[in-house]
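Chain residues, written in single-letter form:
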Amino acid sequence: MKGKFVTFEGCEGVGKSKQIHLLEEYLKANGIKYFLTREPGGTPVSEQIRKVILDGSNTSMTDECEAMLYASARIQLLKEEIKPRLERGELVLCDRYIDSSFAYQAFARGLGEEFVANINSFAIQNFEPDCTLFLNLSPKEAFKRKGGVDKNDRLELSGFDFHERVYKGYLTLAEKNPHRIVSIDASGSKEQTHAKIISALKDKGII
Ligand code: TYD
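Residues numbered from 1 in each chain as written. Predicted model: local features only at pLDDT ≥ 70, side-chain atom pairs only at ≥ 80, totals over all residues. Heavy atoms only, no water.

Chemist: How do you make sense of the overall build of the protein chain when you look at a structure like this?
Modeler: Of regular secondary structure, the protein chain possesses eight helices and five strands. Along the protein chain, helices and strands appear, N-terminal first, in the series β-α-β-α-α-β-α-α-β-α-α-β-α. In terms of overall size, the protein chain behaves like a compact globule, its C-alpha atoms giving a radius of gyration of 16 Å where 207 residues would be expected to give roughly 17 Å. Projecting the C-alpha coordinates of the protein chain onto the three principal axes gives extents of approximately 45 × 35 × 30 Å. Counting across all 207 residues of the protein chain, residues that qualify as buried make up 49%. In the protein chain, the proportion of contacts linking residues at least 24 apart, taken out of those at least 6 apart, comes to 78%. Side chains of the protein chain carry 30 positive and 30 negative charges; the gap between the two charge centres is 4 Å. (Helix = DSSP H or I, 4+ residues; strand = E, 2+ residues; numbered from the N terminus. Rg over C-alpha atoms; globule rule 2.2 N^0.38 Å. Buried < 20%, exposed > 50% of the residue type's maximum accessible area, 1.4 Å probe, protein only. Contact = heavy atoms within 4.5 Å. Lys, Arg positive; Asp, Glu negative; His and termini not counted. Charge placed at Lys NZ, Arg CZ, Asp CG, Glu CD.)

Structural data, given as structure tokens:
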């Protein structure tokens, strides 16, 4: 692919949205063109799937169904937006991607890596980002900073243990994929974290 594909990962409340916003400002100020999207979502079909997944009233949804809905939203986004843009040489930024499925569904929900790898390899044929920025902050610190949970979000209601498992999942993924995943210490100020992100993207030759 001619373009570059960068994904953002991390537990809830680590400041991912803020950091993406700061990166956008940096790219605009430096005249670097980019396309920003998010998972689950980013296309009309994937946004509808997102509503089903995150709807707090869907309490009967099985873990397997949830994992497959994420993979469905992903393949739609990949085919409709990400791949065509990368083929045209664009820089594509995505708020969450497949590592979220490993951290949340495989590790935290307990579906296991094999199940998640199987449904995703079927959907996306192991298509990997060039660089994944993992905002590394423990759920304890993140929740302290955020000041509590959003009561309308099914996933945020999953409890503290769940988020601890998500975090451990991310640490495992970062260890297993050092060629792609950069662990960014997100415990400092937003400016410090932003500076680390810029330097990681420069080191990887992305910007
Ligand atoms: P969102 O409100 O976008 O959360 P955030 O701002 O933290 O990214 O909701 C996305 C939720 O979906 C988030 O809790 C992580 C979860 N998720 C998975 O469990 N598996 C996945 O594959 C993806 C992409 C997201």
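Now that the structure has been shown, we can carry on.
Chemist: Quick question: what am I supposed to make of the packing of aromatic side chains here?
Modeler: The way to describe two aromatic rings as a pair is by their centre distance and the angle between their planes. As enumerated under the stated definition, the model contains five aromatic pairs in all. For the pair Phe5 and Tyr97, a centre-to-centre distance of 5.0 Å together with 80° between the ring planes defines the contact as edge-to-face. Here Tyr97 lies in the loop between strand 3 (91-95) and helix 4 (98-108) and Phe5 lies in strand 1 (residues 4-10), a separation of 92 residues in the sequence. Assessed through its relative accessible area of 0%, Tyr97 is described here as buried. Residues Phe134 and Tyr170 carry aromatic rings whose centres are separated by 5.1 Å and whose planes lie at 25° to one another, so their mutual orientation is stacked. (Phe/Tyr/Trp six-rings, centres within 6.5 Å; stacked < 30°, edge-to-face > 60°.)

Chemist: Where do I start with the pattern of salt bridges in this structure?
Modeler: When charged atoms on two side chains of opposite charge get close, those side chains can pair. One pass over the structure, following the stated rule, counts 16 salt bridges. Here Glu47 ties to Arg38 by a salt bridge, and the two come within 2.8 Å at their closest N and O atoms. Glu47 gets classed as partly exposed once you look at its relative accessible area, which sits at 24%. The exposure class of Arg38 is partly exposed, given its relative accessible area of 33%. A salt bridge links Arg85 to Glu90, with the shortest nitrogen-to-oxygen separation between them at 2.9 Å. (Salt bridge = Lys/Arg side-chain N within 4 Å of Asp/Glu carboxyl O.)

Chemist: Just to check I follow, could you spell out the side chain of Thr43 for this structure?
Modeler: Mapping Thr43 onto the fold places it in the loop between strand 2 (35-38) and helix 2 (44-54). In terms of polar contacts, Thr43 uses its side chain to reach the side chain of Ser46, at 2.8 Å. Those residues within four positions of Thr43 in sequence are excluded, and the remaining contacts are Gln76, Leu77, Glu80 and Glu81. (Polar contact = N/O pair within 3.5 Å; in protein donor to acceptor, adjacent residues only side chain to side chain.)

Chemist: When you look at the sheet that holds strand 1 in this model, what are you seeing that I'm missing?
Modeler: Two strands in a sheet stick together by hydrogen bonds in their backbones, pointing the same way (parallel) or opposite ways (antiparallel). Reading across from one edge, 2-3-1-4-5 is the order of the five strands in this open sheet, with parallel pairing throughout. Edge positions in the open sheet fall to strand 2 and strand 5 (181-185), since each of these has one partner strand only. Mean inter-strand twist for the sheet, computed between neighbouring axes without regard to direction, equals 20°. Summarising the sheet, strand 2 and strand 3 pair through four bridges and their orientation is parallel. (Pairing = 2+ DSSP bridges. Axes fitted to C-alpha atoms, helices over the stretch in contact; angles between N-to-C directions.)

Chemist: Honestly, the site of the ligand in this entry has me stumped. Any pointers?
Modeler: Close to the ligand lie 13 residues; Glu12, Lys16, Arg96, Ser101 and Gln105 are nearest. In this structure, Glu12 approaches the ligand through a side-chain N or O atom, which is 2.9 Å from an oxygen atom. Arg74 places a polar side-chain atom, nitrogen or oxygen, 2.9 Å from an oxygen atom of the ligand. If the ligand stood free it would expose 540 Å²; the protein chains cover 89% of that surface. Ranked by residues supplied to the shell around the ligand, first place goes to helix 4 with four residues. Tallied by class, the residues present in the shell around the ligand amount to four nonpolar, three polar and six charged. (Near = heavy atom within 4 Å. Areas by Shrake-Rupley, 256 points an atom, 1.4 Å probe, with all protein chains shown as cover. Nonpolar A, V, L, I, M, F, W, Y, C, P; charged D, E, K, R; others polar.)

Chemist: Even after reading the chapter, I still don't get the nonpolar core, so can you show me in this structure?
Modeler: What tends to happen in soluble globular proteins is that the nonpolar side chains get buried as a cluster. Formed by 53 residues in total, the largest nonpolar core has its most connected members in Phe5, Val6, Ile82, Leu133, Val166, Tyr170 and Leu201. In this structure Leu133 touches Val6, Thr7, Phe8, Glu9, Val182, Ile184, Ile197, Ala200 and Leu201, once residues within four positions along its chain are discounted. (Core = buried A, V, L, I, M, F, W, Y, C linked by side-chain atoms within 4.5 Å.)

Read these as geometric descriptors, not functional statements.
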